[in-house]
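Coordinates in review
In case you want the letters, here they are:
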Amino acid sequence: MASVHVIGAGPAGSVAAISALHEGHNVEISEEHLVPGLPTDCSGLISRDGLKSLSDMIDYRRHAIRPMHGAILDFAGHKLTVDAKKPVAYVIDRASFDSALAKKAESEGAKLNCGERISSKFRGKCIIGADGPNSSVARRFRFPKIKRFAITARCTVRYDGENPDFIRAWLSNKISSGFFSWLIPHDEEMAEMGTGLVLPGNPRPSIQALSRLTGFQPEGRIHFALIPLECRKKTSLRAGGRTVLLAGDAAGQVKSTTGGGVYFGTSCARLAGRHATNPENYEKEWRSLYHRDLRMHRLANLAYGMLPDSGIRHAGGLLSFFRMDEYLARKQQMDKPSHILDSSLLMHAVSAPFSRQKTI
Ligand SMILES: Cc1cc2nc3c(=O)[nH]c(=O)nc-3n(C[C@H](O)[C@H](O)[C@H](O)COP(=O)(O)OP(=O)(O)OC[C@H]3O[C@@H](n4cnc5c(N)ncnc54)[C@H](O)[C@@H]3O)c2cc1C
């Protein structure tokens, strides 16, 4: 039995802790804030499948604010609606979700120290850095740097109340260079509106431009936060008789296209807890299970970032021509591009233009 010190009680830290406890380790968690989950830097949109993958640790339905049936995508002026006609994702209250996961780790035997910021003085034979995009653990142990980040700005808006079960996303490199803008309804009146762009961009003019485009005015404070847009080249090592593993945003295990990090971050964190004493196995297993999809997100994000808005509009037109709205609605897959780009896509692409002619 080893002692494991987890830094950060976000979803990755708590899941890593629970998983390490299941291996029989003694686990201690250090969280710099007084309450896990607060302040919240997340829109809370998580795929139904991603939430189900955590069902042994948390009942997501208790933290769901609203089910989402699909997305209304605006490709620089060209609209595409993906309607799965049933919930494919949920908007989750991240504060209560994070807090419940941390409580679960505590109830299983972890010692949770809130209000404790750790940047040195690590305890235990195994250290799991789940301390978010600005990871002190990664800095202290000189892990390879993450070079590409999005900086986001988000706020609450009173919106038009239309399509409350759909997220809206605007893809435009003029407004949100290298990333995108979003509106996520919380009910028929209020929504979260946000935008992000690749650093060193400034999100303040972007959210103003988005507000002009949508007509929705920010209410209250605008929150700024970072999203890593690439995985670290190395996420585990041995140092002075200790093992050090990174998980979640600290490792860059985030979908670069959307910034969604909860599904991949917690999936990898589960492996970090399981392999806390064996960093080589951790590195090998998370890369074999998840790196391909994360790399596909990264390549898509890089390619998108190079397009002028006219190219984005054209790409949207092509997606409509090939009826990708129907294909994506059928697939109901938000996390794994490898499950979208499979042989059924070819079949669909070949038949779609003909089925269009038939229905005209
Ligand atoms: C604007 C925005 C919108 C997003 N929307 C979504 C979304 O809709 N869906 C989705 O899946 N993802 C979304 N994400 C990403 C998601 O929030 C992250 O991927 C996720 O929170 C990562 O979890 P984590 O546990 O790795 O890190 P975090 O949630 O960042 O948790 C890290 C924890 O470590 C603590 N900590 C940091 N440093 C120290 C230290 N030195 N000592 C002790 N404690 C420390 C922090 O206080 C924090 O509690 C969004 C991100 C942003 C910025």
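Presented here is an overview of the structure given in this document.

**Looking at the sheet that holds strand β16 (residues 242-246)**
- Read across the open sheet, the 6 strands follow the order β8-β2-β1-β9-β16-β15; overall the sheet is mixed. In the strand order of this sheet, the two ends are held by β8 (111-114) and β15 (236-239), each with one partner. Averaged over all adjacent pairs, the angle separating strand axes in this sheet is 20 degrees, with direction ignored.

**Section: the pattern of salt bridges**
- Counted under the stated rule, the structure contains 24 salt bridges.
- Notably, a salt bridge pairs D49 with R48, separated by 3.7 Å at the nearest N-O pair.
- Note that E280 is salt-bridged to R238, the shortest N-O span being 3.0 Å. Residue E280 is located in helix α7 (residues 279-305), and its partner R238 is located in strand β15; the two are separated by 42 residues in the primary sequence.
- We classify E280 as partly exposed; its relative accessible area is 42%.
- Here the residues in one salt-bridge network are E28, E116 and R123, joined through shared partners.

**Observations regarding the packing of aromatic side chains**
- What the rule picks out here adds up to 9 aromatic pairs.
- Ring geometry for F122 against F141: centres 5.3 Å apart, planes inclined by 45 degrees, an arrangement best described as tilted. Placement of the pair is F122 in the loop between β8 and β9 (126-129) and F141 in the loop between α4 (136-140) and β10 (149-158), with a sequence separation of 19 residues. The same class applies to F122 as to F141, namely buried.
- Following the ring pairs from residue to residue traces out a cluster consisting of F179, F180 and W182.
- For the cation-ring pair, R140 lies above F141, with the distance from its terminal atom to the ring centre recorded as 5.0 Å.

Quick notes on the rules
- Residues numbered from 1 in each chain as written.
- Predicted model: local features only at pLDDT ≥ 70, side-chain atom pairs only at ≥ 80, totals over all residues.
- Heavy atoms only, no water.
- Pairing = 2+ DSSP bridges.
- Helix = DSSP H or I, 4+ residues; strand = E, 2+ residues; numbered from the N terminus.
- Axes fitted to C-alpha atoms, helices over the stretch in contact; angles between N-to-C directions.
- Salt bridge = Lys/Arg side-chain N within 4 Å of Asp/Glu carboxyl O.
- Buried < 20%, exposed > 50% of the residue type's maximum accessible area, 1.4 Å probe, protein only.
- Phe/Tyr/Trp six-rings, centres within 6.5 Å; stacked < 30°, edge-to-face > 60°.
- Lys NZ or Arg CZ within 6 Å of the ring centre and 35° of its normal.

It is worth stressing that arrangement in space is one thing and function is another; only the former is reported here.
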